[in-house]
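Close look at the chain arrangement
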Amino acid sequence: MRRRHLLGSLLLTPLLTACFASEGSEGGDPGGDADDGSRLRVALAFPPAENLSPYGADATLLSRLGVTEGLTALDANGAAAPGLAESWRRENDRTWLFTLREATFQDGSEVTPAAVAAALTHATEAKPAPAALSGVTLTVKAQSAAVRITTTNPDPVLPLRLSSPSLAVLSPKAYKDGADPVGTATGPFELTKVNGSTSATLDRFDDYWGGRAQASGIDSRFIADGTARANAVRTGQVDIAEAIPVAQAATLDKATLKETATTRTTSLHLNTRSGPFKDPKLRAAAREAVDSSAVVKGVFEGYADPGAGIYGPAVTWAEGKRVQPTGRASAAEPNGTAVALATYDNRPELPEAAQVLQQQLQKAGFKVTLVVREYSRLESDALAGKFDAFVGARNSLVDTGDPVGVLASDYTCDGGYNLARLCDKKADRAVTEAEAMADTGERQDAAMRAEAAILGTDAVVPLAHQAIIVGVATDVRGVLLDPYERTLVGTGTRR
């Protein structure tokens, strides 16, 4: 089995604001005096689920296409890097001052402290709260050329938190009715037209503070079917297609395949609040029935490692600090207990993984009904607990870059993306303790203790830590290979 080490070993060359390696990039300024350039044709796997609201799952669609930015970004080491804020300092335990760079919104207005303060305040008032703000309360005040952000409790990783795509800064015009990113963001590409869940049109934003993009625009298509995305690359209909299914990789020319190590984990989430898996003994029975090696070998075909925890081998510090779960319930006999197992088909490996799990659970004595939908038609039901079990793929560092962030949003009582609907006092206490740690090493240690507390509930069963495959036409340069899956197209992406 190949091991894909990332943080601490596979450190990619920083590139402009996103700070990630660009596949096939060449020397020189990616912006500057670029000519009109060609338009890029991009296929994304996930159609908008929330009308391209920046506060939910759609936020990463906007950041991947180079539309939105926040005060900070993540560099290749997972540290906070300058974004719309060129610098920051911590004034005390609860207060930070972020100094803004000179920048312009895509509607022509200036990025002012008042506009930034208003944008972040809107994010704090969003319902449900963005995952990056799970368990966090903050206030933002405009200062001269800066914003001062104060948190109710000490937040040592606030600069990391503000890098979240869900905390993108939009112009005041965007907030007349919700948060509309069309023509109101700050990135190198301006969203000009959205055709429902089918496609979107973007034009280059010539006044981008980071330099003029080399491509004149982007024509993006949302193609949920993985085989269709692969075919689009093969036939030259698109220049870039994300999330090529592993089953399709062998059918494409090797020169068009770009494999990227990620911090993404595919897991089985068990509904702890209602249905049969409210019983911890039945959750234990499900966990014991799962053989993740069969998923890795039979479904991911070597493009993954067996599930070791919420954090996989790409987070290189995790394995040496991992704590074994304790206090797990003893497994009960399922005796034909009926369960509904759901997943989505935007990532074709997931329905296959769900079928393997269906067989394993049925062999253990469960009666399993499988539900497969496109993600935008599934998310709300999954979060509402309408299924007994759910197979999903989640990048553990996508929301904040902070290892504790995914624990707070996904596995605490107040978490905004709690697919397992877990509410466990021990787990909440462990996450709270981890959130309070300022020292990097101590925070990592506390995160691993919290991971053990969560795994001890059997609310989640990690299955596979996966790589992703991006299809890229051979004449395309500068695609951003991002381990956090936040970026894909930048100023230097061109053909």
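Check the entry above for the structure.
Criteria and cut-off values
Residues numbered from 1 in each chain as written. Predicted model: local features only at pLDDT ≥ 70, side-chain atom pairs only at ≥ 80, totals over all residues. Heavy atoms only, no water. Pairing = 2+ DSSP bridges. Helix = DSSP H or I, 4+ residues; strand = E, 2+ residues; numbered from the N terminus. Axes fitted to C-alpha atoms, helices over the stretch in contact; angles between N-to-C directions. Contact = heavy atoms within 4.5 Å. Parallel < 35°, antiparallel > 145°, perpendicular 65-115°, else oblique. Left-handed = near helix turned anticlockwise from the far one by under 90°. Disulfide = S-S within 2.5 Å. Buried < 20%, exposed > 50% of the residue type's maximum accessible area, 1.4 Å probe, protein only. 1 Å grid on protein atoms, 1.4 Å probe; cavity = no way out; pocket = protein on both sides within 12 Å on 5 of 7 lines; lining within 4 Å. Points joined across faces, edges and corners; volume = space filled by probe spheres on them. Nonpolar A, V, L, I, M, F, W, Y, C, P; charged D, E, K, R; others polar. Phe/Tyr/Trp six-rings, centres within 6.5 Å; stacked < 30°, edge-to-face > 60°. Lys NZ or Arg CZ within 6 Å of the ring centre and 35° of its normal.

1. Brief notes about the sheet that holds strand 8 (residues 146–151)
- Within the open sheet, the 4 strands sit side by side as 5-6-8-7. Their pairing is antiparallel. A strand with exactly one partner marks an edge of an open sheet, and here the two such strands are strand 5 (85–92) and strand 7 (138–143). For this sheet, the mean inter-axis angle between neighbouring strands, taken without regard to orientation, is 20°.
- Two strands pair when backbone bridges link them, and strand 7 and strand 8 are joined in this way by 6 bridges, in the antiparallel orientation. Each residue of the ladder has a partner; that of alanine 142, found in strand 8, is valine 147.
- On the sheet, helix 2 (residues 113–125) packs against strand 6 (95–100), strand 7 and strand 8 and is oriented at approximately 170° with respect to strand 7.

2. Comments concerning the packing of helix 11 (residues 403–411) against helix 13 (residues 440–455)
- In contact at an axis separation of 9 Å, helix 11 and helix 13 are set at 30° when each is read in the N-to-C sense. Relative to helix 13, the element helix 11 is oriented roughly parallel. Two packed elements cross with a definite hand, and for helix 11 against helix 13 that hand is left-handed. Each of Pro403, Val404, Leu407 and Tyr411 in helix 11 lies in contact with helix 13, whose residues at this interface are Arg443, Ala447, Ala450, Glu451 and Ile454.

3. Topic: the state of the cysteines
- Tallied over the entire structure, the rule returns 1 disulfide.
- In this model, cysteine 413 is linked to cysteine 423 through a disulfide, with the two sulfur atoms separated by 2.0 Å. Taking the sign of the S-S torsion, 95° for the link of cysteine 413 and cysteine 423, the bridge is right-handed. A residue pair is termed long-range when its members are at least 10 positions apart, and cysteine 413 in the loop between helix 11 and helix 12 (425–435) and cysteine 423 in the loop between helix 11 and helix 12 qualify at 10 residues.
- Its relative accessible area of 26% is what places cysteine 413 among the partly exposed residues.

4. Regarding the pairing of strand 5
- By the bridge criterion, 6 bridges tie strand 5 to strand 6 in an arrangement that is antiparallel. Residue pairing for strand 6: arginine 90 is matched across the bridge by tryptophan 96.
- Between the end of strand 5 and the start of strand 6, which pair antiparallel, lie 2 residues.

5. Concerning empty space enclosed by the protein
- Applying the stated rule across the entire model yields 8 cavities of 30 Å³ or more.
- Of the pockets and cavities examined, the second largest cavity occupies roughly 150 Å³.
- Lining the second largest cavity are 15 residues, with Arg64, Glu242, Ile468, Val470 and Glu485 positioned closest to its centre.
- In the lining of the second largest cavity, the residues fall into 8 nonpolar, 2 polar and 5 charged.

6. Comments concerning the environment of proline 159
- Following the sequence through the fold, proline 159 ends up in helix 3 (residues 158–161).
- You can call proline 159 buried: its relative accessible area is 6%.
- Each C-alpha atom, one on proline 159 and one on alanine 59, is 18 Å from the other, the two residues being 100 residues apart in sequence.

7. What to know about the packing of aromatic side chains
- Overall, the coordinates contain 9 aromatic pairs when judged by the stated rule.
- Relative to phenylalanine 98, the ring of tryptophan 88 lies with its centre 6.0 Å away and its plane at 35°, an arrangement referred to as tilted. Of the two residues, tryptophan 88 is situated in strand 5 and phenylalanine 98 in strand 6; the sequence distance between them amounts to 10 residues.
- The class for tryptophan 88 is partly exposed, based on a relative accessible area of 25%.
- With a centroid separation of 5.2 Å and 50° between ring planes, the pair formed by tyrosine 208 and tryptophan 209 is classed as tilted.
- On the basis of relative accessible area, tyrosine 208 is assigned to the buried category, the value being 5%.
- One aromatic cluster in this structure is built from Phe46, Tyr344, Tyr375 and Phe390.
- Residue placement shows arginine 101 over the ring face of tryptophan 209; its charged tip is 3.9 Å from the ring centre.

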